[in-house]
Amino acid sequence: MSPVDEPIEPRNPAEPVIHRAKLPGRLSPDRLHIRPGADGVVATDPDRSGWRYLSFRSFALRDGETILLDGPEQEAAVVTIAGGGVDVDVDGTPTLELRWRASVFEGMPWSAYVPANSGARLTGRALPGMRAVVAVAQAPLSGRTGVSREPILVGPEDVEIELRGGGNATRQVNNIMMPAFPADRLLVCEVFTPSGNWSGWPPHKHDVDDPPREAVLEETYFYQLSRPEGWAIQRLYHRDGSRDAFMPVRHGDLVIVDQGYHPFAATQGYDAYYLNALAGDRRTMANTDDPDIAWVRTLWPAMEQDPRLPLVRP
């Protein structure tokens, strides 16, 4: 067992295992970037990503089309993206109605938490002439206490809107399922980056277990653009130069954030969105900045926040 694989021994055998670091990155840059197929689906899982926990899938449902949620032994987060809504039926409980969202730029998210060991069925409630685009993140249980055993509906009024940064690094974060939410591993938020702005800035990482400064978190970015013909820039890099990937990401793409710092830039004329799904051993969003660039935070107190934000609100 390598030092990366070796877990930190819990003080109590009943406590969840905490791993010291992420698994070594094994994917080439082209494997980090997943483009949708003809059916519009993008997906990854631990085998595809080379990590321990997080699975992600985005797909589109016709009105009335029904699918069963894969991996019922895992907890799941279901988030509406575009084209309508979705009904979530969990065994033995009333239907959770995730209502209309024409696009991420035209409304706040409707989401549902589906506890592990629950059979769940999703039924599309698409707007006329459209398909209901939905994203699903999943992760196995850690054994921690305080996790909900009942499904939870998260409506727009339950989502905290946070404006971060300053000047052309201002962005909107919609906090959907954050550390205080009674999930196990899953954390979910969405980020809106206005045309010409930066997010994930200064660049940060979450690769090693060093509480309270940093925690090990696996992460996916799922993108939408205000005009689907556009593109934006995602960078993933290590400070020592052992990785440096620039990716032109498009509407509907998915990126696996398996290692390193990961800033993002929206191109002029195109507002950008990405859904963040994360999973780890600790229930935290702790991360550390690139020490070469962290100083830019000192600029923000003298800068106005971008008046275009929030792009969406309840």
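Description of the structure in this document. (Residues numbered from 1 in each chain as written. Predicted model: local features only at pLDDT ≥ 70, side-chain atom pairs only at ≥ 80, totals over all residues. Heavy atoms only, no water.)

### Some points on the overall build of the protein
Okay, so step 1: Within the protein one finds 2 helices and 25 strands.
Okay, so step 2: For a compact globule of 314 residues, the expected C-alpha radius of gyration is about 20 Å, and the protein comes in at 19 Å, within 12% of that figure.
Okay, so step 3: With the C-alpha coordinates of the protein rotated into their principal frame, the extents come out at 55 × 50 × 35 Å.
Okay, so step 4: For the protein, buried positions account for 56% of its 314 residues.
Okay, so step 5: For the protein, the share of sequence-separated contacts (at least 6 apart) that also reach a separation of at least 24 residues comes to 74%.
Okay, so step 6: Accessible surface computed for the protein: about 13700 Å², of which carbon and sulfur atoms make up 51%. (Helix = DSSP H or I, 4+ residues; strand = E, 2+ residues; numbered from the N terminus. Rg over C-alpha atoms; globule rule 2.2 N^0.38 Å. Buried < 20%, exposed > 50% of the residue type's maximum accessible area, 1.4 Å probe, protein only. Contact = heavy atoms within 4.5 Å. Areas by Shrake-Rupley, 256 points an atom, 1.4 Å probe, with all protein chains shown as cover.)

### Things to note about the side chain of N174
Okay, so step 1: Tracing the backbone through its elements, the reader meets N174 in strand β15 (residues 171-177).
Okay, so step 2: Since its relative accessible area comes to 0%, N174 is described here as buried.
Okay, so step 3: A polar contact of 3.0 Å, which involves the side chain of N174, links it to the side chain of Q172.
Okay, so step 4: In contact with N174, not counting residues within four places along its chain, are M108, P109, V159, E160, I161, C189, E190, F192 and V312. (Polar contact = N/O pair within 3.5 Å; in protein donor to acceptor, adjacent residues only side chain to side chain.)

### A word on the nonpolar core
Okay, so step 1: Counting 54 residues, the largest nonpolar core has F56, I81, M177, F264 and L275 as the members making the most contacts within it.
Okay, so step 2: Residue contributions to this core peak at 6 residues, all from strand β24 (residues 272-280).
Okay, so step 3: Beyond its immediate chain neighbours, meaning those up to four positions away, F56 contacts V42, A43, T44, A135, V136, A137, T220, F222, L254, L275 and A277.
Okay, so step 4: With 18 residues, the next largest nonpolar core counts L69, L96, L98 and V136 among its residues. (Core = buried A, V, L, I, M, F, W, Y, C linked by side-chain atoms within 4.5 Å.)

### Concerning a nonpolar patch on the surface
Okay, so step 1: A surface patch of nonpolar side chains, about 300 Å² in accessible area, is lined by W295, L299 and M303.
Okay, so step 2: Following the sequence through the fold, M303 ends up in the segment after β25 (288-289).
Okay, so step 3: Its relative accessible area of 37% is what places M303 among the partly exposed residues. (Patch = residues over 30% accessible without salt bridge, like charges linked within 9 Å, V, L, I, M, F, W, Y side chains within 5 Å. Salt bridge = Lys/Arg side-chain N within 4 Å of Asp/Glu carboxyl O.)

### A closer look at the sheet that holds strand β20 (residues 231-237)
Hydrogen bonds between backbone groups are what pair the strands of a sheet, and the pairing can be parallel or antiparallel.
Okay, so step 1: Read from one edge of the open sheet, 4 strands run β17-β23-β20-β21, paired in antiparallel fashion. Each of the sheet's edge strands pairs with one partner strand only, and the pair in question is β17 (198-199) and β21 (244-250). (Pairing = 2+ DSSP bridges.)

### Structural notes on the pairing of strand β22 (residues 254-257)
Okay, so step 1: What you see with β22 is no split at all: L254 and I256 on one side and V255 and V257 on the other are buried throughout.
Okay, so step 2: Relative to β22, strand β3 (residues 33-34) runs antiparallel, the two sharing 2 bridges. When the bridges of β22 are listed, I34 appears paired with L254.
Okay, so step 3: Bridge count between strand β19 (residues 217-225) and β22: 4 bridges; the pairing is antiparallel. In the sheet register, Y221 faces β22, and the bridge partner there is V255.

### Regarding the packing of aromatic side chains
Okay, so step 1: This model, assessed by the stated rule, comprises 11 aromatic pairs.
Okay, so step 2: Their ring planes at 70° and their centres at 6.2 Å tell us that Y221 and Y223 sit as a pair that is edge-to-face. The pair Y221 / Y223 is uniform in exposure class, with both members buried.
Okay, so step 3: For the pair Y221 and Y274, a centre-to-centre distance of 4.2 Å together with 10° between the ring planes defines the contact as stacked. (Phe/Tyr/Trp six-rings, centres within 6.5 Å; stacked < 30°, edge-to-face > 60°.)

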